[in-house]
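# Structural overview for review
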Amino acid sequence: SSRVLWTLAVTQFVDKYRRFRVTDGELEGTIPKTKQVKMPQALRQVFDPVNSSQMEVNQLRIRAAIDKHKTAENDTGSTTVQIAVLTEKINYMTQHMSAHHLDKSSAKGMVAMVNQRKVLLKYLKKKDFDAFWKISKELGIRTM
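Residues numbered from 1 in each chain as written. Predicted model: local features only at pLDDT ≥ 70, side-chain atom pairs only at ≥ 80, totals over all residues. Heavy atoms only, no water.

### Observations regarding the confidence of the model for the protein
- Residues at a pLDDT of 70 or more form 72% of the protein, whose mean pLDDT is 79.
- No element of the protein has a lower mean pLDDT than helix α1 (residues 2–17), which averages 55, and none a higher one than helix α5 (residues 104–127), which averages 96.
- Here residues 18–34 is modelled with pLDDT under 50, and outside its nearest four sequence neighbours on either side it reaches 33 contacts, counting other chains as well. (pLDDT = per-residue confidence, 0-100. Helix = DSSP H or I, 4+ residues; strand = E, 2+ residues; numbered from the N terminus. Contact = heavy atoms within 4.5 Å.)

### Here's the deal with helix α6 (residues 129–139)
- Restricting attention to buried positions, one finds in α6 the residues Ala-131, Phe-132, Ile-135 and Ser-136. In an axial view of α6, the angular spread of the buried residues amounts to 130°, which keeps them on one side of the axis. Opposite the buried face of α6, at more than 90 degrees from it, the exposed residues are Asp-130, Lys-134 and Lys-137.
- Turning to α6, the residues buried within the fold contact α3 (54–69), α4 (79–99) and α5. (Buried < 20%, exposed > 50% of the residue type's maximum accessible area, 1.4 Å probe, protein only. Arc of directions from axis to C-beta.)

The structure is reproduced here in structure tokens:
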């Protein structure tokens, strides 16, 4: 009976603070100061990215790449940001393909992402060579 009440209390508390789950500072396991909420240690562990699903971890990595490479406040579509996001997706797909080597549809999607990144890198090389060189170094991309 007390266990049921405790479980009910925890689920109500989790539902109350669920809206704070995906935030900008979450990659480090913390909620930004503007959205900071006093939570018990057990709930902090529940909301910690270590306990997240792979899809949520990928979204956090993509958000971190966008934040790192953006040129303006709402920049999500510049060439450098697109290259960084594609690189994160390619890195995940590389891990996925090493575990699931018979997954042909994922392999096809990964090849498409690599080709799209190649086109964006070629464009950036023509347009702004310094930015091309910088992003290639930061992301560990072999230059053409």
